[in-house]
Every structure is written in structure tokens, then in C-alpha cells.
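So you can see what is in the structure, the chains are spelled out below.
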Amino acid sequence: MQITWYGHSAFRLDFGGKAVLIDPFFTGNPAFVSDKAAAIKGVTHIVLTHGHGDHVGDTLDIAKATGAPVVTNYDLCMWLAAQGLQKFDPMNTGGTTDQGGFTVTMVRADHSSGDIKDGMPIYLGNPCGVIIKAKGEPTVYHMGDTDVFGDMALISELYQPKIAFAPIGDRFTMSPAHAAFAVKRFFKLDAVVPCHYGSFPIIEPNADKFVAAMQGSSTKVIVPEKGKPFTV
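Caption draft 1: Quick peek at the packing of aromatic side chains. The full count for this structure, using the stated rule, is nine aromatic pairs. Relative to F26, the ring of Y6 lies with its centre 5.3 Å away and its plane at 70 degrees, an arrangement referred to as edge-to-face. Separated by 20 residues along the polypeptide, Y6 in the loop between β1 (2-5) and β2 (11-15) and F26 in the loop between β3 (18-22) and α1 (36-40) bring together distant segments of the chain. Summarising the burial analysis for this pair, Y6 and F26 share the class buried. A ring pair is formed by F26 and F32, whose centres lie 4.4 Å apart and whose planes are at 15 degrees; its orientation type is stacked. Of the two residues examined, F26 and F32, each falls in the buried class. Taken together, the ring pairs in this structure connect Y6, F26 and F32 into an aromatic cluster.

The structure is reproduced here in C-alpha cells:
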């Protein structure tokens, strides 16, 4: 499996002839330094953790350009469909869908999910984390935006992820220290990739505190260069 981080919480997974974008926030993302056309080339699926704009991002444009279906919670699917999305596969927390060559499972995250229109909030379903599972590949857990919670132990036991993307930016998600606590307390990972930092001034500017808090752990910390793929 090849993984590319595009800054903030945007990732691309390439494996077994599939190319999966997760939370493709490109336009307006100060941390996005890649070429958008290259980033979306060959994309087969788009997976969204929740409805905030810094995660939905360029979903509609990418889906239109590539024909990739969007996999996310039912409420967010319907909202995107009302804006012209043609291909989507709705689901919800606890559910698993077969995407042909891999499965997506939505799991709990402690956050919020919505948008604002004409000064009023729009409900876009519950926030989630996502589990990506494919035969012969390490199981990936994108935590979405979340705080630490005790049921992470159940997620670990049920799905046994080997690679995790953990938000560390503080203010809207876990802090670096709490993210490291979650990883060390609840999971047996081969590697963890910090995310949701270094994009906006009001969240953590880099992953240094997380790396320091993970010292002594058997889990490898990967801090990738934005837009540069790495293999797991």
C-alpha cells in the first residue's frame, strides 16, 4: 500500500488497483502544496469522515471529474446529492460496505459535523472514523476529527488496525499528548501518521510534540512530507 498525505487530514491510499481519497480538502487548504490534477488522477473512491468543510473539501469537483463514488454517512450523502453528486454509497456508524476489493467501516468519533448556510447550522450526520480493509494490505484507521475515548479499545479489538491517521492539532481535536496517549493505550499499531496540524495558525504548527510524546513506544511514527507517497 502506498499512502500520500496532502496536509491537514487529506490522504490518498493506493493499493490493488484502487486509489482512495479520504477527506480531500485541497482548495483553501494552506497545507496543500501538491498539484490537484496529479492528486486526483486515477481516483476510484472518495471516503469522507464527516461534513465539515475542511474534510468535504473538493469532493464534488473530484467526484465529477473522476466519476468516483463518495462513501460517507447517509445524511452527508443526501446533502451532497442535492448539490449534484451522482454516485454515492451511504452508510452510518457501525456499518461496513464492500467497495469491490476493499471494505469501508464507519466507527465512532467524538466531534461535530455540519455546515452553515445563511447563518444557520445544517446537520450532516454524526462524525466518524473510517476503517479501510483490503486483503493482503495493512488495515488502515483514519480517526477523523476526535477526542480520545475509551471505546477506542473496542475499535482496536474489533478491527485490529495496523496503520492509523491520528489528529493532533488540539483545539478541535486531540492534543499531541492525548493523541499519543490514545495510540499507546488502546492500539497495537505498526505505524501512526499524525494529521490535522500545520494548516491553520490556531492549531499545532508541527508534529514535534506528538513525536516526543511517542518516544519509547513500539509504534513507528511516520511524519511524511506533504504530497510525497510512502509505502507501508
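Caption draft 2: Structural context of the nonpolar core. With 49 residues, the main nonpolar core has L13, I132, M143 and F165 as its most contacted residues. Per-element accounting of this core gives the leading share, five residues, to helix α6 (residues 176-186). Those residues within four positions of L13 in sequence are excluded, and the remaining contacts are M1, Q2, I3, K18, A19, V20, I22, I132, V140 and F165. Formed by 19 residues, the second largest nonpolar core is a distinct cluster that contains A10, F32, I40 and V70.

Caption draft 3: A look at the layout of surface pockets. The calculated volume of the largest pocket comes to roughly 160 Å³. Lining the largest pocket, in full, are H8, H52, D54, H111, D145, F172, H196, F200, I202 and I203. Here the residues of the lining of the largest pocket are counted per class, giving four nonpolar, four polar and two charged.

Caption draft 4: The side chain of N29, seen in detail. Along the chain, the position of N29 falls in the loop between β3 and α1. Classification of N29 by relative accessible area gives buried; the value is 6%. Only 2.9 Å separates the side chain of N29 from the backbone oxygen of F25, close enough to count as a polar contact. With sequence-adjacent residues up to four places away left out, N29 is seen in contact with Y6, G7, H8 and S199.

Caption draft 5: Spatial organisation of the sheet that holds strand β6 (residues 88-91). The strand order across the open sheet formed by seven strands is β6-β5-β4-β3-β2-β1-β16, and the pairing between neighbours is mixed. Every interior strand has two partners, whereas the edge strands, β6 and β16 (230-231), have only one. In the sheet, β3 pairs with strand β4 (residues 45-47) via three bridges, with the strands oriented parallel. Paired with L21 across the two strands is I46, which belongs to β4. On the sheet, helix α3 (residues 59-66) packs against β3, β4 and β5 (70-73) and is oriented at approximately 165 degrees with respect to β4.

So, how was this worked out
Residues numbered from 1 in each chain as written. Predicted model: local features only at pLDDT ≥ 70, side-chain atom pairs only at ≥ 80, totals over all residues. Heavy atoms only, no water. Phe/Tyr/Trp six-rings, centres within 6.5 Å; stacked < 30°, edge-to-face > 60°. Helix = DSSP H or I, 4+ residues; strand = E, 2+ residues; numbered from the N terminus. Buried < 20%, exposed > 50% of the residue type's maximum accessible area, 1.4 Å probe, protein only. Core = buried A, V, L, I, M, F, W, Y, C linked by side-chain atoms within 4.5 Å. Contact = heavy atoms within 4.5 Å. 1 Å grid on protein atoms, 1.4 Å probe; cavity = no way out; pocket = protein on both sides within 12 Å on 5 of 7 lines; lining within 4 Å. Points joined across faces, edges and corners; volume = space filled by probe spheres on them. Nonpolar A, V, L, I, M, F, W, Y, C, P; charged D, E, K, R; others polar. Polar contact = N/O pair within 3.5 Å; in protein donor to acceptor, adjacent residues only side chain to side chain. Pairing = 2+ DSSP bridges. Axes fitted to C-alpha atoms, helices over the stretch in contact; angles between N-to-C directions.

In short, geometric facts, not functional conclusions.
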